[in-house]
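Each chain, written out:
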Amino acid sequence: MSAVSSNQGSGLRRQTRTISITSGKGGVGKTTLVCNLALHLSRMGQNVLILDGDIGMANVDIMFGVRPRFTMKDLLINQRRIEEVLVQVEPRIWVLPGGSGFNDLQNMSESEKRVLLDQLRGLKQTFDVMLIDTAPGIDNNVMYFNTSAQEIHVIVTPDPASFADAYALIKVLHTYHRAKRFSIIANQVRDEAEGLQVFQKLSDVCQKFLYVSLDYIGAVPTDLSVRRATRSQQLVLKATPEAPASHSIKKIAEKITTTQNTGQMKGGIQFFWEQLIGVA
Ligand SMILES: Nc1ncnc2c1ncn2[C@@H]1O[C@H](COP(=O)(O)OP(=O)(O)OP(=O)(O)O)[C@@H](O)[C@H]1O
Ligand SMILES: [Mg+2]
């Protein structure tokens with residue numbers, strides 16, 4: 001499956017919800033969550049676009065068992081069309097492989113920006129949601145992805161380093177990039193109680209020192225099935241649908257669909273990209 005199917009028909013173009021999945025510390029489970037959440041959202045009938053914004057290891061495609069022929073770099077430099085770069089990995093899931101195309105987002109030339117926006121405008125496929133898998137940390141590109149998305153979902157684990165780095169990330173996003181709302185997903189927790197505890201602690205320090213209140217989405221337990229699935233390049237939701245982590249991830253996907261989006265920014269793919277490359 002690689003070609004993009006034609007438009008779903010309806011002339012009514014719903015606005016795409018844009019959600020970044022990010023973290024301060026690496027290896028906390030962003031890619032795992034992005035891919036499995038995408039799968040459940042797609043099974044709920046949503047068209048999902050995954051933007052692989054992690055330049056280091058483009059591993060979203062590995063999780064879906066595909067090897068993209070092109071990346072965003074080919075779109076920007078080698079004049080590939082966006083339909084050629086987009087990879088359909090499931091009936092309702094498409095991946096936009098970033099590759100090194102995003103190395104220097106804000107310094108894209110005017111012609112590169114034009115190419116990108118023209119391609120996006122011509123895109124026939126519609127998406128209900130775009131999930132952005134970011135690199136960890138507070139690099140510029142991570143900041144741009146996060147602040148261009150309508151909603152920022154921060155993944156945190158009970159590991160003190162992950163906690164400290166999540167706080168640092170929220171602090172920088174809030175202080176220097178004026179991000180106001182953050183949703184938290186706790187991963188690799190012992191149980192629901194520990195997830196809530198991690199959230200509460202983070203929420204308390206953010207409230208106290210940044211005057212920012214956080215929203216809680218839910219928690220995913222540490223589950224060997226996840227690790228096993230990753231090792232065999234599968235999604236835990238497919239490999240072990242009854243595993244505790246699979247149940248939690250489904251619950252989180254359902255919560256995301258029912259949560260009212262209260263972000264201050266407009267949604268939509270076009271708007272996201274305009275923000276990202278600084279033309280809005
Ligand atoms: N709930 C969980 N239980 C057990 N293992 C998990 C869980 N979530 C993630 N993992 C494992 O942790 C490792 C890192 O996960 P993943 O690659 O999704 O993290 P990441 O945040 O995307 O990392 P990076 O910052 O390097 O992109 C993987 O081996 C994955 O299987
Ligand atoms: Mg990752």
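For the structure itself, consult the block above.
In this text, all values refer to a predicted model and were calculated from it rather than measured experimentally.

Participant: Hey, could you run me through the sheet that holds strand 8 (residues 214-221) in this one?
Facilitator: Strand-to-strand pairing in sheets goes through backbone hydrogen bonds, with the strands running parallel or antiparallel. In spatial order, the strands read 3-4-2-5-1-6-7-8; together these 8 strands make up an open sheet with mixed pairing. The outermost strands of the open sheet, each flanked by one partner alone, are strand 3 (87-90) and strand 8. Neighbour-to-neighbour, the strand axes of this sheet turn through a mean angle of 25°, independent of strand direction. Of the pairings in the sheet, the one linking strand 1 (residues 17-22) to strand 5 (residues 129-133) comprises 5 bridges and is parallel in character. Bridge pairing links S20 to I132 in strand 5. Packed on one face of the sheet, helix 6 (residues 140-148) meets strand 1, strand 2 (48-52), strand 5 and strand 6 (151-156) and runs near 145° to strand 1.

Participant: Please clarify how the pattern of salt bridges should be interpreted in this entry.
Facilitator: Using the criterion set out here, one finds 10 salt bridges in the structure. Residue D118 is joined to R121 by a salt bridge in which the shortest nitrogen-to-oxygen separation is 3.1 Å. Residue D118 and its partner R121 are located together in helix 5 (residues 110-121), separated by 3 residues, close to a single helical turn. Residue classification places D118 among the partly exposed residues on the basis of a relative accessible area of 42%. Across the pair E192 and K251 runs a salt bridge whose closest N-O atoms are separated by 3.5 Å. Of this pair, E192 sits in helix 8 (residues 192-210) while K251 sits in helix 11 (residues 244-258), and the two are 59 residues apart along the sequence. Judged by its relative accessible area of 47%, E192 is partly exposed.

Participant: Can you help me understand the packing of helix 6 against helix 12 (residues 269-276) in this one?
Facilitator: The description of two helices packed together rests on the angle between their axes and the distance between the axes. Axis separation between helix 6 and helix 12 bottoms out at 9 Å; the angle between their running directions is 145°. Regarding helix 6 and helix 12, the two cross each other, and that crossing is right-handed. Of the residues in helix 12, those in contact with Y144, F145 and S148 of helix 6 are F272, Q275 and L276. Partitioning the contact of helix 6 with helix 12 into residue classes produces 4 nonpolar, 2 polar and no charged.

Participant: Would you mind showing me how to read the site of ligand 1 here?
Facilitator: Near ligand 1, the surroundings consist of 18 residues, among which K30, T31, T32, N187 and T230 are the closest. Taking 640 Å² as the accessible area of ligand 1 by itself, protein coverage stands at 86%. Going through the elements one at a time, helix 1 (30-43), strand 7 (182-189), strand 8 and helix 9 (224-231) are the ones with two or more residues in the shell around ligand 1.

Participant: Hey, could you run me through the packing of aromatic side chains in this one?
Facilitator: Any pair of aromatic rings gets described here by the distance separating the centres and the angle formed by the planes. A complete count under the given rule lists 3 aromatic pairs for this structure. Taken together, a centroid distance of 5.4 Å and an interplanar angle of 75° make the contact between W94 and F127 edge-to-face. Taken together, the residues W94 in strand 4 (residues 93-97) and F127 in the loop between helix 5 and strand 5 connect sequence positions 33 residues apart. Across this residue pair, the class does not change: W94 and F127 are buried. Positioned above the aromatic ring of F163 is the side chain of K201, whose terminal nitrogen or guanidinium carbon lies 4.8 Å from the ring centre.

Participant: Explain helix 7 (residues 160-177) to me, please; I cannot follow it from the model alone.
Facilitator: Owing to its 3.6 residues per turn, the α-helix aligns residues three or four sequence positions apart on the same side. Helix length check: helix 7, at 18 residues, gives a terminal C-alpha distance of 25 Å against a target of 26 Å (1.5 Å per residue), a fit within 8%. Its buried side turned inward, helix 7 meets strand 1, helix 6, strand 6, strand 7, helix 8 and strand 8. Residue D159 occupies the N-cap position of helix 7, its side-chain oxygen lying 3.1 Å from the main-chain nitrogen of A161. Of the residues trailing helix 7, R178 is marked for its positive phi of about 55°.

Participant: Just to check I follow, could you spell out the packing of helix 5 against helix 12 for this structure?
Facilitator: It is at 10 Å that the axes of helix 5 and helix 12 come closest, and there the two elements cross at 175°. Taken together, the axes of helix 5 and helix 12 are roughly antiparallel relative to one another. Taken together, the residues of helix 12 that come into contact with helix 5 (itself represented by L116, L117, L120 and R121) are I269, Q270, W273 and E274. Its residues placed into classes, the contact of helix 5 with helix 12 shows 5 nonpolar, 1 polar and 2 charged.

Participant: For this particular structure, what's the right way to read the environment of R92?
Facilitator: Residue placement: R92 occurs in the loop between strand 3 and strand 4. Through-space distance from the C-alpha of R92 to that of S42 is 5.5 Å; in sequence the pair is 50 residues apart. Aside from chain neighbours lying at most four places away, what touches R92 is S42, G45, Q46, N47 and V48.

Reading the values: the criteria
Residues numbered from 1 in each chain as written. Chains lettered and ligands numbered in written order. Predicted model: local features only at pLDDT ≥ 70, side-chain atom pairs only at ≥ 80, totals over all residues. Heavy atoms only, no water. Pairing = 2+ DSSP bridges. Helix = DSSP H or I, 4+ residues; strand = E, 2+ residues; numbered from the N terminus. Axes fitted to C-alpha atoms, helices over the stretch in contact; angles between N-to-C directions. Contact = heavy atoms within 4.5 Å. Salt bridge = Lys/Arg side-chain N within 4 Å of Asp/Glu carboxyl O. Buried < 20%, exposed > 50% of the residue type's maximum accessible area, 1.4 Å probe, protein only. Left-handed = near helix turned anticlockwise from the far one by under 90°. Nonpolar A, V, L, I, M, F, W, Y, C, P; charged D, E, K, R; others polar. Near = heavy atom within 4 Å. Areas by Shrake-Rupley, 256 points an atom, 1.4 Å probe, with all protein chains shown as cover. Phe/Tyr/Trp six-rings, centres within 6.5 Å; stacked < 30°, edge-to-face > 60°. Lys NZ or Arg CZ within 6 Å of the ring centre and 35° of its normal. Expected span 1.5 Å × (residues − 1). Polar contact = N/O pair within 3.5 Å; in protein donor to acceptor, adjacent residues only side chain to side chain. Parallel < 35°, antiparallel > 145°, perpendicular 65-115°, else oblique.

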